[in-house]
Amino acid sequence: MKILTRYILSRFLMIFFTVLTVLSVGIIVIFLSQATVKKGLPLYLALRLIPSSIPNLLSIAMPVSCLMGGTFFYAKMVGSNEIIALKAMGVPPWKAFMPVWIATAILSGVAVLCNDLGFSWGQKEMTRVLVSGTEEMILGKLASDGKFSDPQNNIVLSVGEVTKSGDLQRVKFTVNNPPVEGEAESGRLDVNFESNPPVLRIEFNGLLLDANTAMVMQREKTVQEIPLDQFALGGGTSHYPPMKEVKNVLASIRAEEEKDRRENAVRTAFALIKGDYTSWEDPSWGWRWDHEEYQKYLYNRANLATPRSFAAGFTCFFFTWIGIPLAVWLNCSDYTTSFFVSFLPTLIVYYPLLMFGYSCAKSGITPPEICWIGNIVLGLIGFWILKKIHKH
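Undergrad: Explanation requested: the overall build of the chain in the structure shown.
TA: From N to C terminus, the chain includes 10 helices and 6 strands. Relative to its full complement of 392 residues, the chain shows a buried share of 42%. Taking contacts inside the chain between residues at least 6 apart in sequence as the whole, the part at least 24 apart equals 66%. If you sum the accessible surface of the chain, you get close to 20900 Å²; carbon and sulfur atoms cover 63% of it.

As structure tokens, then:
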């Protein structure tokens, strides 16, 4: 039995790592193409994004690699009549499946860590690299051309000189809507990563501002902010907190919710006491209620972080749980056919249920554990196929 286990694991892992390498390289190429062609980023900046994208890349590639490794190997065993030989020796098929199931359960643990790291550190790091790279691009353009324009925000910035320390000298800027022109002795670029989306801050010193040629103001220090959401790559700055920080994040959001709720209750009580019902028509009331709803969304999203990491990670196991017995049940030695037939239930059943679970959990309709519904359905289908194999 040890020889059989060693044989099964060695062949499965060989296919798994081969497929994982090919998929990873393919995803990186697609990622670089999207970053350089679609987003217009320079190649050096796109390459700097690769290390922080690896956890997300592995979380996508590992389940498919497990499925392909399992279906390819067991389709080969079927084609070579090895399953029939094992049954003739009194070894039931599920015992031949067990080594791969154990291996994919271990790989699922690795995928859980990749999911957690990718949606917490990975997303933040990609945003940081992207935005800081954007700052470098803007400074480089100002140093070479002396001018930078942002059509999305209708801002044109020109400088006389960019010092080695990054300070801007003899700064001029124009905002088209509303029409404003300004000049400053000096300025400096800075990025606020904590804002959502991140913003590029331009700090002006000694600004002379001309608005509609009707008013001229002198200010010692003025800050102009440009949102950088247009530079984000698919998914923007959204991220989940790390699993180890979920408890503290939830407590912080609850405290903020309680603070807002009490403030709204006090304002409502004062309005009722004074009989000033017109104050409820103030736009600030709508903002307060919207903010309270946003806090609920943040709480549901943070509460989803741990279940979604485990549910997404354990797709490695559930994909092979259904894929391996289905490949044997088909009794087809064609690897491609076995893979696509095995992948069909995951494509039609698993991913729609996964998205449905995420949507329900984020909106607070159901508990966050609903994101396991896709895995549970795959598990039930796999169990039914196993019964068919055992019976026939």
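Let us keep going from here.
Undergrad: What am I meant to see in helix 8 (residues 315–330) here?
TA: What sets the pattern is the α-helix's 3.6 residues per turn: residues three or four places apart point alike. In this model helix 8 runs 22 Å from its N-terminal to its C-terminal C-alpha over 16 residues, within 8% of the 22 Å that 1.5 Å per residue would give. Note on helix 8: the residue one or two positions beyond its end, N331, has a positive phi of about 55°.

Undergrad: What's the story with the pattern of salt bridges in this structure? I'm lost.
TA: Side chains that differ in sign of charge can pair as their charged atoms come close. The tally for this structure, following the rule as stated, stands at 3 salt bridges. Taking the shortest distance from any N to any O, the salt bridge between E257 and R254 comes out at 2.6 Å. In this pair, E257 and R254 both sit in helix 6 (residues 246–274), 3 residues apart, roughly one turn of the helix. Accessibility expressed as a relative area gives 41% for R254, which makes it partly exposed. Among the ionic pairs, E258 bridges to R262, the shortest N-O distance being 3.1 Å. Here E258 pairs with R262, and both are found in helix 6, just 4 residues apart, close to one helical turn.

Undergrad: In this structure, what is going on with the pairing of strand 3 (residues 167–175)? I would like to understand it.
TA: Each regular strand carries side chains that alternate between the two faces of the sheet. The sheet contact formed by strand 2 (residues 155–162) and strand 3 spans 7 bridges and is antiparallel. Following the sheet pairing, V162 is matched in strand 3 by L168. Where strand 2 folds back onto strand 3 in an antiparallel hairpin, the turn is made up of 4 residues, including G166, whose phi is positive at roughly 95°.

Undergrad: Looking at this structure, I do not really get the environment of Q34. What am I missing?
TA: On the secondary structure map, Q34 appears in helix 1 (residues 2–38). Sequence separation between Q34 and A46 is 12 residues, and the spatial gap between their C-alpha atoms is 9.3 Å.

Conventions and cut-offs
- Residues numbered from 1 in each chain as written.
- Predicted model: local features only at pLDDT ≥ 70, side-chain atom pairs only at ≥ 80, totals over all residues.
- Heavy atoms only, no water.
- Helix = DSSP H or I, 4+ residues; strand = E, 2+ residues; numbered from the N terminus.
- Buried < 20%, exposed > 50% of the residue type's maximum accessible area, 1.4 Å probe, protein only.
- Contact = heavy atoms within 4.5 Å.
- Areas by Shrake-Rupley, 256 points an atom, 1.4 Å probe, with all protein chains shown as cover.
- Expected span 1.5 Å × (residues − 1).
- Salt bridge = Lys/Arg side-chain N within 4 Å of Asp/Glu carboxyl O.
- Pairing = 2+ DSSP bridges.

These values are about where atoms sit, not about what they do.
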